[in-house]
Amino acid sequence: MSAFVIRNFFYSIVIIIGVLTVTFCLLYIIPGDPARMMLGQRADVASVESVREELGLNKPIYIQYFKFMTNAFQGDLGRSYATNREVVKTILDKLPATALLSFSALFISSILGILIGIISAVKQYTWLDNFSMVFALIGISFPSFAFGLIMALVFGHLLKWFPISGYVNDGLQYLVLPMLTLALRPMAITARITRSSMMDVMSQDYVRTAKAKGLSSGKVIFKHTLRNALNPVVTTISASLAATLGGVLFIEYIFNWPGIGLLAIDAIFKLDFPMIQGTVLFSAIVFVVINFFVDIVYAMLDPKVKLS
Amino acid sequence: MEAETAVVADSILQEDKSRSLWHYSWKRLKRNKLAMAGLVTLTILIIVALTAPIIAPFDPNQQILEYSAKEIFFKGTVLVKKDTDPESDETSYIPVKRLISESGSSVTYLDFSDEELTINKDEIEETSEGWTKTLNYYLGTDRFGRDVLSRLIYGSRVSLTVGLVSESIAIFIGLILGSIAGFFRGKTDAAVMWLVNVIFAFPAILLIIALSVVLGKGLWQAFIAIGLTGWVDIARIVRGQFFSLRETEFVEATKAIGFNSARVITRHILPNCMGPVIVTGTVGLASAIIFEASLSFLGLGVQPPTASWGQMIFDGYKYIVVGTNWGLAVFPSLAIMITVFAVNLLGDGLRDALDPKLKR
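Residues numbered from 1 in each chain as written. Chains lettered and ligands numbered in written order. Predicted model: local features only at pLDDT ≥ 70, side-chain atom pairs only at ≥ 80, totals over all residues. Heavy atoms only, no water.

## Let's talk about the sheet that holds strand E6 (residues 133–137) of chain B
Residues and elements named next belong to chain B. Counted only if it meets this: By this definition, two strands are paired if DSSP reports at least two bridges between them. The way it works is that DSSP assigns letters per residue, a run of H or I at least four long becomes a helix, a run of E at least two long becomes a strand, and they are numbered from the N terminus. Note on definitions: angles span 0 to 180 degrees between N-to-C directions of axes, and those axes are lines fitted to C-alpha atoms, for helices only across the stretch in contact.
Across the sheet, three strands lie side by side as E2-E1-E6; this open sheet has antiparallel pairing. Edge positions in the sheet fall to strand E2 (93–95) and E6, since each of these pairs with one other strand and no more. Averaged over neighbouring strand pairs, the angle between their axes works out to 50° when direction is ignored. Sheet topology note: the strand E1 (residues 74–80)/E2 ladder contains three bridges and is antiparallel. Within E2, the residue paired with Val-78 across the bridge is Pro-95.

The structure is reproduced here in structure tokens:
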């Protein structure tokens, strides 16, 4: 087990090095001079030169790369062009809002998704199954911003059930619409996976045996089928967590939710490259870290995963 | 009698002919009503995109500022100016509130600033309705007074082109890297998989946005940004197929005959990967369309005035906040949803149809 953890740890580090390299390349190939972007077009040559000096932009690329890597591993991703605040600090300030939104959406989507998947699998090929699966496919087909707009229109403007702009400091009702919008896609994916995985397991001999023994259908479904069908579902949910990090982008923007997504969109509109780079990098690293832990939990739960 | 026998014999012969996997897959796909609905919708969308200049009631960029942000089924009255410049095929309209009088050689009308103006009949065209013409805006107009329906129709071109081109780029890269990893294995495989895992770690939409910001705004940039991100799924599938196909006897046989690697890959292994690649590519096409809309929404895709659905949603979004003209955002949202839904229905159908484990 410890060998498995250590090996996975080092592989995660190798992936993070790759992630850092990709983000470094992104910043390196942007058109224009970062020093000039920081100071604005009217800055004099001397101060631009001194900023270039300070950022190490006049050094050869491999030295810049090395400096970027060492800084990044020490948690320094530079300063925002727009606010001159440290990128990492700004992101960490916004993290709680995004984490609240992501986890609550993931929680709702997992419960509903698994439930819909079970019902579909048990009642397969009935109208209920067809309806759920078409609904799930619609859920996958909606871009988050388009769905968010329709949610805002229907539940915010027409029905006036929930506020469409703001943060939970003013009450939990602010969480409802962004959470449901973010939950749609992972819920749809989870429902589809649960259904197909349940159907695989339901055709197994031991399920038939359980039924033949005269166990109640509830026991057969939850104890014998669902437990064995959950593996791919858990993988999907952990992958969804990473996907919500991309999903929050537009949803936070539409519902004016002060998280990392809104931060990233603002940075994109202002062409604040260090901030864009920081949010991209942060999301990727969170993904690698989550995957690292999920793999370990997975290995502990499932004896079939090879530890060697 | 003889002729009849011949026909029967012919049909028996036909039945007997060995059929390809594609034949049976197509048969299975045809039985899947949802998949066929998706295929038909997609075909209609492609026809709409190709014939946009014919079926769109307006030039998508024709602005009549007086008709800014009108509701659906808005009708506008205009005078049609005569075409003085034979070079351009744009028609210019003069929006009027109503005609006041018509005398001899000129027409007097009330314009939108409530001014009475007179125009010579030589300058305008006579239509079936007299000197004015009624313009029908079935889905209303946007804030520049452009026809929403025509912009929706033209927007399908952007969505489908970016979707198809960028997914083709993704499939191309994925096929090459996946084949290399799957065929040579060992260190080559480890290197390719490292790259796959690195790209996979980024939320796709964020990486695409970052790439577009770096590459600049525009259509080509969108192709590249989406294509460079989408190949990982294809590469994984192809690599997996190579791993299982390498063990089969027919691949063993090609080596025994002494074919070189390139020939084994392109002629014998890749054709057998096509099923899963088509299925994954269809799913990728659906995502690519969503990604394009997302880029346009942020103003990073094709640039105005070219109509694109994402851009239309972004413009309409401001109206939803105010609480008016919700159609401006809802219609393009539905257009994207229907397109992606159709692609996903087809993808689901293809997954079932191309699964060789299923019976005919």
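Here the narrative resumes.
## Observations concerning a positive patch on the surface
What counts is decided by this rule: Residues qualify for a patch when their relative accessible area is over 30% and they have no salt bridge, like charges being joined within 9 Å and the nonpolar side chains of Val, Leu, Ile, Met, Phe, Trp and Tyr within 5 Å. The protein chains shown are the only cover counted for residues, whose accessible areas, like all others here, come from Shrake-Rupley with a 1.4 Å probe. What makes a salt bridge here is a side-chain nitrogen of Lys or Arg within 4 Å of a carboxyl oxygen of Asp or Glu, nothing more. When charges are counted, Lys and Arg contribute as positive and Asp and Glu as negative, whereas His and the chain ends are disregarded. A charged residue contributes its charge at one atom only: NZ of Lys, CZ of Arg, CG of Asp or CD of Glu.
Taken together, the side chains of A:Lys213, A:Lys219, A:Lys223 and A:Arg227 define a basic patch exposed on the protein surface. With respect to the helices and strands, A:Lys223 occurs in helix H10 (residues 217–254).

## Brief notes about the packing of helix H7 (residues 204–215) of chain B against helix H10 (residues 261–297) of chain B
All names here are of chain B. Where we set the bar: An angle below 35 degrees is read as roughly parallel, one above 145 as roughly antiparallel, one from 65 to 115 as roughly perpendicular, and any other as oblique. Put simply, a crossing is left-handed when the front helix is turned counterclockwise from the back one by less than a right angle, and right-handed when it is turned clockwise. Note on contacts: a residue pair is in contact if any heavy atoms of the two residues lie within 4.5 Å. For this scheme, ten residues count as nonpolar: Ala, Val, Leu, Ile, Met, Phe, Trp, Tyr, Cys and Pro. Four count as charged, namely Asp, Glu, Lys and Arg, and the remainder, Gly too, count as polar.
Between H7 and H10, the least distance of the axes is 11 Å, while the angle of their chain directions is 50°. The orientation of H7 with respect to H10, classified from their angle, is oblique. Handedness of the H7/H10 crossing: right-handed. Two secondary-structure elements touch here, H7 through Ala-204, Ile-205, Ile-208, Ile-209 and Ser-212 and H10 through Phe-291, Ser-294 and Leu-295. Looking at the contact of H7 with H10 residue by residue, the class counts come to six nonpolar, two polar and no charged.

## Some thoughts on the interface of chain B and chain A
Note the threshold: Buried surface area refers to the total accessible area, computed with a probe of radius 1.4 Å, that the two partners give up upon joining, counted for both partners together. Any N or O atom pair separated by 3.5 Å or less is treated as a polar contact, with the protein-specific requirement of one donor-capable and one acceptor-capable atom, and with residues adjacent in sequence counted only for side-chain atom pairs.
Every contact between the two is made by 41 residues of chain B and, on the other side, 45 residues of chain A. Where chain B abuts chain A, roughly 3800 Å² becomes buried across the two surfaces, and 83% of that area is made up of carbon and sulfur atoms. Ranking the residues of chain B by area buried against chain A places B:Phe202, B:Leu206 and B:Val214 at the top, with a combined share of 15%. Taken together, the connections running from chain B to chain A amount to one salt bridge. Ionic pairing is found between B:Asp348 and A:Arg192, a salt bridge with its closest N-O pair at 2.9 Å. Counting every contact that joins chain B to chain A gives six residue pairs in polar contact (both at pLDDT 80 or more). For the side of chain B that touches chain A, the leading source of residues is helix H12 (residues 327–353) of chain B, giving eleven residues.

## Re a nonpolar patch on the surface
Residue and element names in this part refer to chain A. On the surface, Tyr-28, Ile-29, Ile-61, Tyr-62 and Ile-63 cluster together into a nonpolar patch covering about 510 Å² of accessible area. Here the nonpolar patch takes three residues from helix H4 (residues 61–73), the largest share from any one element. With respect to the element layout, Ile-29 can be found in the loop between helix H1 (2–28) and helix H2 (34–39).

## Here's the deal with unusual backbone geometry
All names here are of chain B. Selection rule: Each residue is placed in one exposure class: buried if its accessible area under a 1.4 Å probe, protein chains only, is under 20% of its type's maximum, exposed if it is over 50%, and partly exposed if it falls in between.
Note the cis peptide between Pro-304 and Pro-305, where omega equals 10°. Position of Pro-305 relative to the elements: it lies in the loop between H10 and helix H11 (309–322). Phi angles above zero are rare outside glycine, and Arg-185 is one such case at about 50°. Inspection of the secondary structure puts Arg-185 in the loop between helix H5 (148–184) and helix H6 (186–201). The exposure class assigned to Arg-185 is partly exposed, which follows from its relative accessible area of 24%.

## With respect to helix H6 (residues 127–141) of chain A
The α-helix winds at 3.6 residues per turn, so residues separated by three or four positions along the chain end up facing the same way. Note the threshold: Given the number of residues in a helix, its expected span is that number minus one, multiplied by 1.5 Å.
Look at H6(A): 21 Å from first C-alpha to last across 15 residues, which is about the 21 Å you get at 1.5 Å a residue. For H6(A), the full list of buried residues reads A:Asp129, A:Ser132, A:Met133, A:Ala136, A:Leu137, A:Gly139, A:Ile140 and A:Ser141. Looking at the buried residues of H6(A), the elements they touch are helix H5 (87–122) and helix H8 (173–202) of chain A together with H10 and H12 of chain B.

## Regarding the packing of aromatic side chains
Which entries qualify depends on this criterion: Only Phe, Tyr and Trp rings are paired, with Trp represented by its six-membered ring, and only when their centres lie within 6.5 Å; those with planes under 30 degrees apart are stacked, over 60 edge-to-face, the remainder tilted.
Taken as a whole, this structure holds 24 aromatic pairs over all chains when the rule is applied. Between A:Phe269 and B:Phe314 the ring centres are 6.2 Å apart and the planes differ by 50°, which places this aromatic pair in the tilted class. With A:Phe269 in helix H11 (residues 260–270) and B:Phe314 in helix H11, this pair bridges two chains. Of the residues examined, B:Phe314 reaches a relative accessible area of 15% and is grouped as buried.

## A word on the confidence of the model for chain B
What counts, and what does not: As a per-residue quantity, pLDDT reports the predictor's confidence and falls between 0 and 100.
Mean pLDDT over chain B stands at 86; residues scoring 70 or higher make up 92%. Both scores are available for the predicted complex, with the pTM at 0.88 and the ipTM at 0.88.

## Brief notes about the pairing of E1(B)
Residues and elements named next belong to chain B. Burial analysis of E1 places five of its seven residues in the buried class, the great majority of the element. Across five bridges, E1 lies against E6 in antiparallel orientation. Each bridged residue has a counterpart across the sheet, and for Gly-76 the counterpart in E6 is Leu-135.

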